[in-house]
Amino acid sequence: MFPGMDILQHHTFRVTRNEDVEVEEDDAENLLKAERDRINGMMEQIKGYNVGTPEYKKLEADIAKAQGDFNVTAQLQKKEFMDQEAKVYMQVYAEVEKVVEQFAREHRIAIVHRHEGDPVDASDRNQILRGITKPIVYIDPGIDITPDIAKIVNTPAVATQPAAGQPRTR
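Because the structure is predicted, anything quoted here is derived from the model rather than measured. (Residues numbered from 1 in each chain as written. Predicted model: local features only at pLDDT ≥ 70, side-chain atom pairs only at ≥ 80, totals over all residues. Heavy atoms only, no water.)

A. Summary view of the overall build of the chain. Scanning the chain from N- to C-terminus turns up 6 helices and 0 strands. Reading the chain from its N end, one meets helices and strands in the order α-α-α-α-α-α. Looking at the 170 residues of the chain, the share that counts as buried comes to 26%. At a minimum sequence separation of 6, the contacts of the chain that also span at least 24 residues come to 73%. (Helix = DSSP H or I, 4+ residues; strand = E, 2+ residues; numbered from the N terminus. Buried < 20%, exposed > 50% of the residue type's maximum accessible area, 1.4 Å probe, protein only. Contact = heavy atoms within 4.5 Å.)

B. Looking closely at the layout of surface pockets. Its volume calculated, the largest pocket comes out at about 280 Å³. In terms of lining residues, the largest pocket is bounded by 16 residues, among which Glu25, Glu29, Gln77, Lys78 and Phe81 are the most central. Broken down by secondary-structure element, the contributors of at least two residues to the lining of the largest pocket are α2 (12-46) and α3 (54-106). Element by element, the count of residues in the lining of the largest pocket is highest for α2, at 9 residues. Along the lines of polarity and charge, the residues of the lining of the largest pocket split into 7 nonpolar, 2 polar and 7 charged. (1 Å grid on protein atoms, 1.4 Å probe; cavity = no way out; pocket = protein on both sides within 12 Å on 5 of 7 lines; lining within 4 Å. Points joined across faces, edges and corners; volume = space filled by probe spheres on them. Nonpolar A, V, L, I, M, F, W, Y, C, P; charged D, E, K, R; others polar.)

C. Main features of a negative patch on the surface. Taken together, Glu22, Glu25, Asp26, Asp27 and Glu85 make up a surface patch of like negative charges. The greatest single-element share of the negative patch, amounting to 4 residues, is contributed by α2. By the secondary structure assignment, aspartate 27 is in helix α2. The exposure class assigned to aspartate 27 is partly exposed, which follows from its relative accessible area of 45%. (Patch = residues over 30% accessible without salt bridge, like charges linked within 9 Å, V, L, I, M, F, W, Y side chains within 5 Å. Areas by Shrake-Rupley, 256 points an atom, 1.4 Å probe, with all protein chains shown as cover. Salt bridge = Lys/Arg side-chain N within 4 Å of Asp/Glu carboxyl O. Lys, Arg positive; Asp, Glu negative; His and termini not counted. Charge placed at Lys NZ, Arg CZ, Asp CG, Glu CD.)

D. Quick look at the packing of α3 against helix α5 (residues 146-153). Two elements in contact, α3 and α5, have axes whose closest approach is 10 Å; the angle formed by their N-to-C orientations is 120°. Looking at the two axes, α3 sits oblique to α5. Remark: the crossing between α3 and α5 carries right-handed chirality. The residues of α5 that touch α3, namely those facing Glu95, Val96, Val99, Val100 and Phe103, are Asp148, Ile149, Ile152 and Val153. Here the contact of α3 with α5 is composed, by residue class, of 7 nonpolar, no polar and 2 charged. (Axes fitted to C-alpha atoms, helices over the stretch in contact; angles between N-to-C directions. Parallel < 35°, antiparallel > 145°, perpendicular 65-115°, else oblique. Left-handed = near helix turned anticlockwise from the far one by under 90°.)

E. Up close: a nonpolar patch on the surface. Taken together, Val120, Ile128, Leu129 and Ile132 make up a surface patch of nonpolar side chains, about 330 Å² in accessible area. Along the chain, leucine 129 turns up in helix α4 (residues 125-133).

F. Up close: the confidence of the model for the chain. Confidence along the chain averages 81 in pLDDT terms, with 80% of residues attaining 70 or more. Looking at the elements of the chain, mean pLDDT is at its lowest for helix α6 (residues 156-159), recorded as 56, and at its highest for α3, recorded as 91. Note on residues 163-170: pLDDT under 50 across the span, and 18 contacts to partners over four residues away in sequence or across chains. (pLDDT = per-residue confidence, 0-100.)

G. Inspection of unusual backbone geometry at higher detail. Even without glycine at this site, arginine 108 takes up a positive phi of about 55°. In this structure, arginine 108 sits in the loop between α3 and α4.

H. Region of interest: the pattern of salt bridges. Enumeration over the complete set of coordinates arrives at 8 salt bridges. Ionic pairing is found between glutamate 29 and arginine 36, a salt bridge with its closest N-O pair at 3.4 Å. The salt bridge partner of lysine 58 is aspartate 62, with a shortest N-O separation of 3.0 Å. Here the residue lysine 58 and the residue aspartate 62 both occupy positions in helix α3, the gap between them amounting to 4 residues, near one helical turn.

Here it is in structure tokens:
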């Protein structure tokens, strides 16, 4: 049995890389907040002008442009961070697959299933549906290679190396 998400959630490289991305996201969010505050200031400023005056029209156009630019920037940043996170997960997943394959060969294991071993929360509809639709109904909990795989991928020699020959960013 191989509950892959357990390993992915606690993989040293993924955790470290996501902490780096969180710092970048915080920095980007602070810049966006500053821009939002600037736009709000412009919106307050426009209240001091008479509707229809050239100054009002110019500030109104500046506000509209700033809001449009803000929205585009925010969307692009969100997409960029989601892409970065996906790449980190792909790197980690490739490494975990490689370690699982090697472990399975060494221990003469023919098949390794991904398995979500967390208990189902009976008050959460989505978890109930996940629980009743999982393809594996029972697995002997004593036959779980997750701790072995987690130990291998999180050893200092393995965890500090990027997966699948890809360079570590930042």
